Amino acid sequence: MAKKVLVVDDEKLIVKGIRFSLEQDGMEVDCAYDGEKALECAKNKEYDMILLDLMLPKMNGLEVCQQIREFSDVPIIMLTAKGEDMDKILGLEYGADDYITKPFNILEVKARIKAIMRRAGKNATQETKAKVVEVGELRLDCESRRVFIGTREINLTAKEFDVLELLVFNPNKVYSRENLLNIVWGYEYPGDVRTVDVHIRRLREKIESNPSEPKYVHTKWGVGYYFQA
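Predicted model, so just to flag it, every value in this text is computed and none were measured.

Caption draft 1: Region of the structure containing the overall build of the chain. Looking only at helices and strands, the chain features eight helices and eleven strands. Scored against the burial criterion, the 229 residues of the chain give a buried share of 49%. For the chain, the share of sequence-separated contacts (at least 6 apart) that also reach a separation of at least 24 residues comes to 56%.

Caption draft 2: Structural view of the pairing of strand 8 (residues 146-149). Two elements, strand 7 (residues 138-141) and strand 8, share four bridges in a ladder whose sense is antiparallel. Considered in strand 8, the bridge of L138 is made with I149. Between strand 7 and strand 8, which follow one another and run antiparallel, lie four residues, and R145 among them has a positive phi close to 55°. Pairing of strand 8 with strand 9 (residues 152-154), which is carried by three bridges, proceeds in the antiparallel orientation. Bridge pairing in strand 9 places I149 opposite R152.

Caption draft 3: Layout of the pattern of salt bridges. For the structure on display, the rule yields 18 salt bridges. For the salt bridge of R112 with D98, the shortest nitrogen-to-oxygen distance reads 3.2 Å. Within this pair, whereas R112 is found in helix 5 (residues 106-125), its partner D98 is found in strand 5 (residues 98-101), the two being separated by 14 residues in sequence. There is no split in this pair, since R112 and D98 are both buried. Counted as one network, the salt bridges with shared partners bring together D9, E11, D53 and K102.

Caption draft 4: Layout of the sheet that holds strand 3 (residues 49-53). If you walk across this open sheet you meet the five strands as 2-1-3-4-5, and the pairing is parallel. A strand with exactly one partner marks an edge of an open sheet, and here the two such strands are strand 2 (28-32) and strand 5. Between one strand axis and the next, the sheet turns by 20° as a mean value, whatever way the strands run. Pairing of strand 1 (residues 4-8) with strand 2 involves five bridges; the strand directions are parallel. Paired with K4 across the two strands is E28, which belongs to strand 2. Helix 2 (residues 35-44) contacts strand 1, strand 2 and strand 3 of the sheet and is inclined by roughly 165° relative to strand 1.

Caption draft 5: Helix 8 (residues 194-207), seen in detail. If you check helix 8, its first and last C-alpha atoms are 20 Å apart, about what 14 residues at 1.5 Å a residue would give, namely 20 Å. Of all 14 residues in helix 8, ten are buried, a share of seventy percent or more. Along helix 8, the residues classified as buried are T195, V196, D197, V198, H199, I200, R202, L203, R204 and I207.

Parameters at a glance
Residues numbered from 1 in each chain as written. Predicted model: local features only at pLDDT ≥ 70, side-chain atom pairs only at ≥ 80, totals over all residues. Heavy atoms only, no water. Helix = DSSP H or I, 4+ residues; strand = E, 2+ residues; numbered from the N terminus. Buried < 20%, exposed > 50% of the residue type's maximum accessible area, 1.4 Å probe, protein only. Contact = heavy atoms within 4.5 Å. Pairing = 2+ DSSP bridges. Salt bridge = Lys/Arg side-chain N within 4 Å of Asp/Glu carboxyl O. Axes fitted to C-alpha atoms, helices over the stretch in contact; angles between N-to-C directions. Expected span 1.5 Å × (residues − 1).

The values reported here are purely geometric and, on their own, carry no functional implication.
This is the structure:
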């Protein structure tokens, strides 16, 4: 079945180029040229990937990303003309899975899309070690990829879930930031270890009652992160 991709950018020539290239690879591509339309598309249709520009009319990319994350964990790659680290980190803070700085090579874009889709597919088809894991109030349903604290469901992004699942299945094993980056994001991921820190911080804010004194995801100073069972 054709993979469905939503491309969002107010520069129509960029959209046209990406669309043509992805359709050549057999993907089904929808386009939006402003933030409001992008959000509407994401609500009305399920996508395998969203390419989302940072600077958009009506609603910027970060706002769109944040609102999509309220109802979907679809992989999102931010497109940004700005190369500053702060914008990249901000994109990740708002729930993006990856970012690409303009001007970009379309082959790089396609490689990133395929790498993320491949990992998403692997996660979906992988036999889970256990369907449900419970530690204290934390309950991880690996089949439906849902997380609960007590009776309250916690909305995690795809990457946040991947990080938590890896740590939960390897309790008390300390993973360096480089290890987590390679395992969860893949060796071809060009980002740096701050990506891991951002996701761990967001994860703690969601699952810990007091993120500064975590019960589940701990830091071993100077080494990395681990899950305490």
